[in-house]
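Observations on the model geometry
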Amino acid sequence: MADITIQNVVASTAIGEELDLDEISSAFDEAEYEPEQFPGLVFRVKTPKTAALIFRSGKVVLTGAKSIADVETAIGIVCNELKAKGFNGIQDNPEITVQNIVSTAALDAELNLNAVAIGLGLENVEYEPEQFPGLIYRLKVPKVVLLLFGSGKLVVTGAKSADDARTAVDKISAELASLGLL
């Protein structure tokens with residue numbers, strides 16, 4: 001079966017109650033805060049390379065991670081750095097919720113997307129090549145969206161775990177093979 005590569009993990013958490021983003025921005029050179037542009041402060045972590053969007057409410061959205069372990073590491077770094085600069089009320093081990101895992105895979109075969117659209121059932125796909133070069137296929141279990149391209153490459157989005165992404169790739173591979181399209 002096709003190997004999957006996680007490209008991005010988006011996760012959220014709450015690290016504290018009310019945060020003073022102006023103070024955090026002043027305390028860290030790497031923090032970007034322009035409230036007239038965006039209500040959150042962007043806190044970049046070098047390793048693992050991620051960006052934490054920190055909001056006044058204490059909520060944080062982390063993007064750019066390549067694994068759930070990287071999410072946990074990056075959130076820990078953010079919390080520790082805030083504590084080290086004297087910000088009080090920062091949680092030690094905040095509960096992290098994975099919102100979305102985006103991954104890619106290659107099926108190692110070119111796809112005739114017109115035949116794929118018909119084979120998978122037109123009610124289950126969106127395929128308008130004049131608008132977008134990929135076929136959009138929504139799986140119910142796991143609840144993910146697959147983008148299939150004529151090159152045989154695909155993108156899985158909406159997964160909540162790496163297992164969901166793997167299951168989705170295995171399912172589409174088996175389905176296409178059973179239809180003689182792979």
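Residues numbered from 1 in each chain as written. Predicted model: local features only at pLDDT ≥ 70, side-chain atom pairs only at ≥ 80, totals over all residues. Heavy atoms only, no water.

A few points about the overall build of the protein
The following threshold applies: The numbering of helices and of strands both runs from the N terminus, where a helix is a DSSP run of H or I of at least 4 residues and a strand a run of E of at least 2. Radius of gyration here uses only the C-alpha atoms, and the compact-globule reference equals 2.2 Å multiplied by the residue count raised to the power 0.38. The method behind every accessible area is Shrake-Rupley, applied with a 1.4 Å probe, and residues are considered shielded solely by the protein chains displayed.
In terms of helices and strands, the protein carries four helices and ten strands. Its C-alpha atoms give the protein a radius of gyration of 20 Å, more than 25% over the compact-globule value 16 Å for 182 residues. Principal-axis analysis of the C-alpha atoms gives the protein an extent of 60 × 30 × 25 Å. For the protein, the accessible area works out to roughly 9,900 Å², and carbon and sulfur atoms hold 50% of it.

Comments concerning the sheet that holds strand E9 (residues 144-148)
Let me state the cut-off plainly: For two strands to be treated as a pair, DSSP must find at least two bridges joining them. Every residue pair with non-hydrogen atoms within 4.5 Å of one another is taken to be in contact. Note on method: axes are straight lines fitted to C-alpha atoms, helices fitted across the in-contact stretch only, with angles between N-to-C directions ranging 0 to 180 degrees.
Strand order in the open sheet formed by ten strands is E2-E3-E4-E5-E1-E6-E10-E9-E8-E7, with antiparallel pairing between adjacent strands. Where the open sheet ends on each side, the last strands, each with one partner, are strand E2 (31-32) and strand E7 (125-126). One ladder, built from two bridges, connects E2 with strand E3 (residues 41-45); its direction is antiparallel. Counterpart to Ala 31 in the pairing with E3 is Phe 43. Against the sheet, helix H2 (residues 68-84) touches strand E1 (4-14), E3, strand E4 (50-54), strand E5 (59-65) and strand E6 (97-106), its axis set at about 130 degrees to E5. Relative to the sheet, helix H4 (residues 162-178) contacts E1, E6, strand E8 (135-139), E9 and strand E10 (153-159), its axis offset from that of E10 by approximately 135 degrees.

Thoughts on H2
Rule in force here: The span one expects for a helix is its residue count, reduced by one, times 1.5 Å. Only protein chains enter the accessibility calculation, which uses a 1.4 Å probe; a residue is then buried when its area is under 20% of its type maximum, exposed when over 50%, and partly exposed in between. In this description, one arc is meant: the one made by directions from the helix axis to the C-beta atoms.
A rise of 1.5 Å per residue sets the reference length of H2, with its 17 residues, at 24 Å; its end C-alpha atoms lie 24 Å apart and thus fit the reference within 8%. For H2, every residue scored as buried is listed here: Val 71, Ala 74, Ile 75, Val 78, Cys 79 and Leu 82. Viewed end-on, H2 has its buried residues packed into an arc of 135 degrees, placing them on one side of the element. Positive phi appears at Gly 86, one or two residues downstream of H2, with a value of about 90 degrees.

Comments concerning the side chain of Ser 103
Mapped onto the elements of the fold, Ser 103 is located in strand E6. Under the relative-accessibility criterion, Ser 103 is labelled buried at 0%. For Ser 103, the contacting residues outside a window of four places in its chain are Thr 5, Ile 6, Gln 7, Leu 154, Val 155, Val 156 and Ala 165.

Digging into a negative patch on the surface
The following threshold applies: Exposure above 30% relative accessible area and the lack of any salt bridge qualify a residue for a patch; like charges then connect within 9 Å, and the nonpolar side chains Val, Leu, Ile, Met, Phe, Trp and Tyr within 5 Å. Salt bridges, as used here, are contacts in which a Lys or Arg side-chain nitrogen is within 4 Å of a carboxyl oxygen on Asp or Glu. Counted charges follow a simple rule, with Lys and Arg positive, Asp and Glu negative, and His plus the chain ends left uncounted. We put the charge of a Lys on NZ, of an Arg on CZ, of an Asp on CG and of a Glu on CD.
A cluster of like negative charges, contributed by Glu 17, Glu 18, Asp 20, Asp 22 and Glu 23, occupies part of the molecular surface. Here Asp 22 lies in helix H1 (residues 21-27).

Comments concerning the pairing of E1
Bridge count between E1 and E6: eight bridges; the pairing is antiparallel. Its bridge partner lying in E6, Ser 12 is registered against Thr 97. Where E1 meets E5, five bridges bridge the pair, whose relative direction is antiparallel. Note that in E5 the partner of Thr 13 across the bridge is Val 60.

Structural notes on the environment of Glu 126
What counts, and what does not: Throughout this description, a polar contact denotes any pair of N or O atoms lying within 3.5 Å of each other; where both atoms belong to protein, one of them has to be capable of donating a hydrogen while the other can accept it, and for residues adjacent in sequence the pair is counted only when both atoms sit in side chains.
Checked against the element boundaries, Glu 126 lands in strand E7. Judged by relative accessible area, Glu 126 falls into the partly exposed class, the value being 40%. Setting aside its immediate chain neighbours within four residues, Glu 126 contacts Gly 134, Leu 135, Ile 136 and Arg 138. Here the side chain of Glu 126 touches Arg 138 through a polar contact of 3.0 Å, side chain to side chain.

Looking at the pattern of salt bridges
This structure, assessed with the given rule, holds four salt bridges. Between Asp 170 and Arg 166 there is a salt bridge, with its nearest N and O atoms 2.8 Å apart. Highlighted residues: Asp 170 and Arg 166, both in helix H4, separated by four residues, approximately one helical turn.

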